[in-house]
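# Notes for the structure review
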Amino acid sequence: MIRAASGAGRLVPRLRMWLCAVRSDPSPIAAALLAAALVWLVLAPIGSMLIDTVRVQVRDSATTGLRTGEWTLSFLQRTFTSRVSGVLFWTPLANTIVVAALVSLIALPLGAGLAWLTVRTDLPGRRILSSVMVVPYMLPSWTFAVAWLTLLKNRRLGGLPSFAESFGFAPPDWLAYGALPIVICEALHLFPFAFLLFGNALRSVDTQLEESARVLGASGGVIARRIILPLLRPALLSAFLLIFSRVLGSFGTPYILGSGVKFMMLPTALYGSFKIGSPGVAAVIATVTIALGISLLALDVFFVREFKRFVTMGGKGSLRRAAPLGGLRAPAMLTAGAACLITTLLPLASLLASTLMHRPGVFRLDNFTLDYWIAAAIPAMPGQRGLFLNADIAASAWNSLRIACAAAVICGLVGLFVGYLVVRLPSTRLGVFLRQVSFLPYLVPSIGFAAACLSFFAVARGPVPSLYGTMTLLVLVMAVKYLPFASRSGISAMMQMGGEPEEAARVCGAGWLRRLARIVVPIQKHALVAGIVLPFISGMKEQSLVIMLATPGTEVLTTQVLRFVDYGYSQLANAVVLAIVGIVFAFTFILEKLTGSNLASGVSGTG
Amino acid sequence: MKKLVLCVVAAFALMAGGAKESAAQKEAPKQPAAPAGFDLEQLVREARKEGQLVAYFTSSRIKDVGDNFEKKYGIKVKGTKMADPEQAERVIREVDSRNVQVDVIGFEDGPLLEGKLLPEGYLVNWMPPDLADQIPKDDQNPLVFLWQPRIFGYNFEAFGDKPPMTNVWEMTEARWKGKILVRDPAQTPANLAFFATIASNPALMEKAYADHTKRKLEVKEANAGWEFLKRFFQNDVVTIPSDGDIGDAVGAAGQKDAPVGFYTLTKQRDNKTKDLKLATMKGMQPFMGYALPTYALMIKGAPHPNAAKLFIRYILSDGHQPWTVRDMGAFSPNVKAATNPENEGSWADWSGRLLKLDNKVALKLRQEILDFWLQHGVKK
């Protein structure tokens, strides 16, 4: 027996030992399976999209004379080198890069400045500012775009007048539509991310460094320039890359503000090609979008690893010195107050005002109306009723809730599970791989990912039927896309939980599943809730993901808004936006109260 | 004893069946005698058993029509307004994935229909047999249920009763740069078909030019039709998502220098409800616009086929009223159909003023026209 301890002889006892270990703790198998599933759910659709770039689909066969199913390079040629490639692809690409750069230029200093004011100064009301700055996160990204049109559109596209026009001022085209409004609206939506990232970074800078500098006689300015700013470089880079990739994948704002003046960006170019009936070209644009998004965020992950040496959070409590503002107090408060107003109150107020008037901006008594909220029939909109009586809107709302809830619960549970596996795994290579794979969906821009999933799941594959037109598809795509949020919070939560309770339970004879259900989940209640609430909020306001996937049977609130915008039913569109915001606020409030958790800390941890 | 019971049961069955038949007959007392083989009552019965009908139509009035249909036959209709490209996408995907959810569509992309969707079996053309003598042969396959003039119109408050343009070539002139509103050709297949038909009628365009300017046309593109399109696109044509928006923009009151627009005639019904000042370009040469057909077809594998057939028959017989009688600007192909008095003529009159689309040519030239538009109309 002892002599056979070499080569194949060692294999069987090893296998038996492994099987024994795995029976009491099947984590490695679960991790392997989960990693494989995630890889498949993200890479298979992308692969399908790649195939679509060189294979003819039905719509293309009608206009190109090629047969359905034939292989061809014509879509690549049409998108990159043909006479119309400029209009179809290169100009939108250039526009996207320029817009993203400008947005970063505005959002980063704004976010950093406010973060510094909140964390490092004695600004009065900074705690309120902190909580209020979470609100823009809860608004759909295109809320500002809809509010902008309500306030500033002109006659070029016809329809109801804007507030500006009713006050006698006709905004020029470059102010009402196109690059300028898109940049401003995206910046207003995205600067809270910069705010949160910088705030976190500032909070985690070890004050010991500053204290030492102060002891050595450095002034406040020198400390800020030579110590704090360099330490913020990772946050700066992270915020920049995050903003860039969000602009790359965001559909609503460029659609609402750009299509009328033919200012196309990659997401709207993708959608436009898809809608015209050129799925081949759409597939090429989607592939480029995905490739760009992945490279940008891979850079982010790479740099964060590089900058690990910048982590300076010390465990010791330290005296946080708030820099006195003195004479700058008033201007600072003004700026902060203006930021709050513009990013939260102004868009919501203008939307609300427009839903109460027949013609926006005309302040006559007979122009005010509750029609768009409670009327049984609206003359200008055949077949539509006010929001609270509207069966279509109610159905969409119900769909939104169901889909967001289902996706959120799946996300929360799987995210926590991922956290558990990553932290507990005895073999770190599998753990690291699972951690990286769980972030994979984050790298893919939303609209590109939706196009890829449509391409892959709309066809029956083996035992899995076609998911086209089903709610399952929407739930699946959302759950996969938001998993990174939940995983991140799951991992950081599990890192803080020691292994002792589980060990004790194991010793007492509890099986693996029972340990998970009775020990891990109850202790990690808060992380689980955060892992559910954040995807739920994202799901309720998600548009870029669903715009390609929702059908009339699976219409959700965000696609309903676009439908109303397309029909010219502005008041109903605005009312639905407010409904989305209202539902999100209500649910968040209820959940916070029920579980005693604080959303702001959750958002900052995963922003 | 058994025989007695059987007789009684049979008698009851006969009476009950008879009662139902007479009830159905009471609902539709004026139905003409159906040709042999087509049983309307049978169709209604089958349709009622099937459940809710799902319809995608390009017109928002599908909701009203659906409600009327429900009132008459007791079958609910889930009608959704949807643009042509989206309808085509859905139909193709649903049929290909064998998960058909829609039963009947009201669709305007004739070229795609004739060139692809019908021949390859995505859609099924069903002509109600008992209406065969009421619908012109040309409109039966594929089945047209609505004709609309899509015409050039202007603001009569700004320009008076006399239209500011008498010839289509005026739209290529500098005076109208940036002042012509049309539906985005990239999203409106019917407009692409219109341009394709122009490109394949060079003689017509050349004569119109000669009539208007008394000079010979200098043709730099392939023919006079393409020359017109190039100059037209390069005149900063503004694209608008919908006919309603075009109507609102052109017809808004209080404009001194109003734009002109290319929209469906029916938008002029908003003159009353929204105080718009829309009027058609009467007498424009060589055409005022084109004849836009809306086709009604069933989807292959539809879950409620009999309800779909009944609905198609309904909108061809008396169900078209919300489109053609209650509102102006649309015509049913049914020769017995009533029309709206404000229509400025019958369909026969209008046919003389409009260009008729050639679906086969339009499909062949679609990509070329689209690229031509992208090159000349979109690039600044």
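Throughout this document, residue positions are counted from 1 along each chain, in the order its sequence is written. Working convention: letters from A go to chains and numbers from 1 go to ligands, in the order in which they are written. Local features in this predicted model are restricted to residues whose pLDDT is 70 or higher, and side-chain atom pairs enter the listing and the counts only when it is 80 or higher, whereas totals over whole chains, interfaces and linings include all residues. Each side-chain value is worked out from all heavy atoms of the structure, with water and hydrogens disregarded.

What counts as a helix is a DSSP run of H or I of at least four residues, what counts as a strand is a run of E of at least two, and both are numbered from the N terminus. Per the secondary structure count, chain B includes 15 helices and 11 strands. Burial status follows relative accessibility: with a 1.4 Å probe on protein chains alone, a residue under 20% of its type maximum counts as buried, one over 50% as exposed, and anything between as partly exposed. Burial statistics for chain B: of 380 residues in total, 58% are counted as buried. By definition in these notes, contact holds between two residues if any of their heavy atoms fall within 4.5 Å. Across chain B, contacts joining residues at least 24 apart in sequence account for 76% of those joining residues at least 6 apart. Each accessible area value is a Shrake-Rupley result obtained with a 1.4 Å probe; residue values ignore everything except the protein chains displayed when judging cover. When the accessible surface of chain B is split by element, carbon and sulfur atoms take 54% of a total near 16100 Å².

On to the interface of chain B and chain A. Contacts between chain B and chain A engage 42 residues on the former and 42 residues on the latter. Counting the surface lost from both chain B and chain A, the interface buries some 4000 Å², and carbon and sulfur atoms represent 54% of this. In terms of surface lost to chain A, no three residues of chain B exceed Arg90(B), Arg93(B) and Gln367(B), which account for 15% of the buried area on that side. Salt bridge, as used here, is a side-chain nitrogen of Lys or Arg placed within 4 Å of a carboxyl oxygen of Asp or Glu. Counting the contacts that link chain B with chain A gives 5 salt bridges. Distance and chemistry together define a polar contact, namely a pair of N or O atoms within 3.5 Å, with one atom able to donate a hydrogen and the other to accept it when in protein, and with adjacent residues in sequence counting only for side-chain atoms on both sides. The tally of links from chain B across to chain A stands at 9 residue pairs in polar contact (both at pLDDT 80 or more). At 9 residues, the largest contribution of residues to the side of chain B that touches chain A is made by helix H4 (residues 84-96) of chain B. Classes in brief: Ala, Val, Leu, Ile, Met, Phe, Trp, Tyr, Cys and Pro nonpolar; Asp, Glu, Lys and Arg charged; the others, Gly included, polar. Here the side of chain B that touches chain A is built from residues that sort into 16 nonpolar, 10 polar and 16 charged. Accessible area that two parts lose when put together, evaluated with a 1.4 Å probe and summed over both, is termed the buried area.

Evaluation of the coordinates by the stated rule reveals 32 salt bridges over all chains. Taking the shortest distance from any N to any O, the salt bridge between Arg67(A) and Glu70(A) comes out at 3.4 Å. What makes Arg67(A) exposed here is its relative accessible area of 61%. Look at Glu70(A) and you get partly exposed, because its relative accessible area is 25%. Residue Glu86(B) pairs with Arg90(B) through a salt bridge whose shortest N-O separation is 2.7 Å. Pair noted here: Glu86(B) and Arg90(B) are both in helix H4, with a separation of 4 residues, about one helical turn.

On to a nonpolar patch on the surface, then. All names here are of chain A. Taken together, Leu 15, Trp 18, Leu 19, Ile 29 and Leu 33 make up a surface patch of nonpolar side chains, about 510 Å² in accessible area. Every element with two or more residues in the nonpolar patch is listed here: helix H1 (8-24) and helix H2 (27-52). Residue placement: Trp 18 occurs in helix H1. To count toward a patch, a residue needs a relative accessible area over 30% and no salt bridge; like charges are then connected within 9 Å, while nonpolar side chains (Val, Leu, Ile, Met, Phe, Trp, Tyr) are connected within 5 Å.

Within the fold, Gln134(B) resides in the loop between strand S4 (123-124) and strand S5 (144-155). Look at Gln134(B) and you get buried, because its relative accessible area is 9%.

All names here are of chain B. The omega torsion of the bond from Asn 141 to Pro 142 falls at 0°, within 30 degrees of zero and hence cis. Tracing the backbone through its elements, the reader meets Pro 142 in the loop between S4 and S5. The omega angle of the peptide bond from Gln 285 to Pro 286 is -10°, so this bond is cis rather than trans. By the secondary structure assignment, Pro 286 is in the loop between strand S9 (278-280) and strand S10 (289-299).

All names here are of chain A. As for its position among the elements, Trp 148 is in helix H8 (residues 143-152). Residue Trp 148 is classed as buried on the basis of its relative accessible area, which comes to 14%. Taking C-alpha positions, Trp 148 is 8.4 Å from Leu 257, a pair spaced 109 residues apart along the chain. If we ignore the near neighbours within four places in the chain, the residues touching Trp 148 are Lys 153, Leu 175, Ala 176, Pro 181, Ile 184, Cys 185 and Leu 257.

The next subject is the packing of helix H20 (residues 391-424) of chain A against helix H21 (residues 428-443) of chain A. Angle between the axes and distance between the axes: these two values describe a pair of packed helices. Residue and element names in this part refer to chain A. Packing of H20 against H21 brings their axes to within 8 Å, and their N-to-C directions diverge by 150°. With respect to their mutual orientation, H20 and H21 come out roughly antiparallel. As H20 packs across H21, the resulting crossing turns out to be left-handed. Contacts between H20 and H21 involve Val 418, Leu 421 and Val 422 from the first element and Gly 431, Leu 434, Arg 435 and Ser 438 from the second. Split into classes, the residues belonging to the contact of H20 with H21 amount to 4 nonpolar, 2 polar and 1 charged. Axis definition: a line fit to C-alpha positions, over the contact stretch in the case of helices; interaxial angles, taken between N-to-C directions, run 0 to 180 degrees. What sets the label is the angle itself: under 35 degrees gives roughly parallel, over 145 gives roughly antiparallel, 65 to 115 gives roughly perpendicular, and the rest give oblique. Left-handed describes a crossing in which the near helix is turned anticlockwise from the far one by less than a right angle; the clockwise case is right-handed.

Residues in a regular strand project their side chains so that they alternate between the two faces of the sheet. Residues and elements named next belong to chain B. Across the 5 residues of strand S1 (residues 53-57), 5 count as buried, placing the element largely inside the fold. Here S1 shows a buried face lined by Leu 53, Ala 55 and Phe 57 and a second buried face lined by Val 54 and Tyr 56. Paired strands, as defined in this entry, are two strands with at least two bridges between them according to DSSP. Examined bridge by bridge, S1 and strand S2 (residues 77-81) share 5 bridges and lie parallel to one another. In the sheet register, Leu 53 faces S2, and the bridge partner there is Val 77.

Looking now at the nonpolar core. Nonpolar cores were defined as sets of buried Ala, Val, Leu, Ile, Met, Phe, Trp, Tyr and Cys residues, with membership established by side-chain atoms within 4.5 Å. Leu114(A), Leu123(B), Phe194(B), Leu229(B), Phe232(B) and Ile369(B) are the most contacted members of the largest nonpolar core, which totals 247 residues. Looking at this core element by element, the count peaks at 14 residues for helix H11 (residues 179-204) of chain A. Excluding its chain neighbours within four sequence positions, the residues that come into contact with Leu123(B) are Val91(B), Ile105(B), Leu113(B), Leu117(B), Leu118(B), Leu297(B), Met298(B), Ile299(B) and Lys300(B). Within the second largest apolar cluster, 34 residues are counted, among which are Val44(B), Ile62(B), Ala308(B) and Leu316(B).

All names here are of chain B. For S5, the tally of buried residues reaches 12 of 12 residues, placing the bulk of the element in the interior. Pairing analysis gives 7 bridges linking S5 to S10, with the strands arranged antiparallel. Note that in S10 the partner of Ile 151 across the bridge is Gly 289. Relative to S9, S5 runs antiparallel, the two sharing 3 bridges. Looking at the pairing, Tyr 154 lines up with Ala 279 of S9.

Residues and elements named next belong to chain A. Among the 11 residues that make up helix H16 (residues 266-276), 10 are buried, leaving the element largely enclosed by the rest of the structure. For H16, every residue scored as buried is listed here: Leu 266, Pro 267, Thr 268, Ala 269, Leu 270, Tyr 271, Gly 272, Ser 273, Phe 274 and Lys 275. Once H16 ends, the next one or two residues include Gly 277, with phi positive near 110°.

For the rest of this paragraph, the subject is the domain arrangement of chain B. Residues and elements named next belong to chain B. Boundaries of every domain are those given by an automatic assignment or by a domain database. Domain assignment breaks chain B into domain 1 (2-25 + 35-146 + 292-345) and domain 2 (149-291 + 364-376). Each of domain 1 and domain 2 has a C-alpha centre, and the two are 34 Å apart. Buried area between domain 1 and domain 2, summed over both chains or domains, comes out near 1300 Å², and the portion from carbon and sulfur atoms is 53%. The largest contributions to the domain 1 side of the interface with domain 2 come from Leu 292, Met 328 and Glu 344, which together make up 41% of the buried area.

Attention now goes to the packing of aromatic side chains. Here the aromatic set is Phe, Tyr and Trp, taking the six-membered ring for Trp, and pairing holds for ring centres within 6.5 Å; pairs whose planes are under 30 degrees apart are stacked, those over 60 apart are edge-to-face, and all others are tilted. Tallied over the entire structure, the rule returns 43 aromatic pairs over all chains. Considering the side-chain rings of Phe456(A) and Phe457(A), the 5.0 Å spacing of their centres and the 80° angle between planes classify their relative orientation as edge-to-face. The same class applies to Phe456(A) as to Phe457(A), namely buried. Ring centres of Phe262(B) and Tyr290(B) lie 5.7 Å apart, and the angle between their planes is 55°; on these two criteria the pair is classed as tilted. Linking Phe262(B) in strand S8 (residues 260-264) with Tyr290(B) in strand S10, this pair joins segments that are 28 residues apart in sequence. The exposure classification of Phe262(B) matches that of Tyr290(B), with both residues buried. The ring of Trp176(B) carries Arg175(B) above its face, with NZ or CZ at 3.9 Å from the centroid. Look at NZ for Lys and CZ for Arg. If either is within 6 Å of the ring centre and within 35 degrees of the ring normal, a charge sits over the ring.

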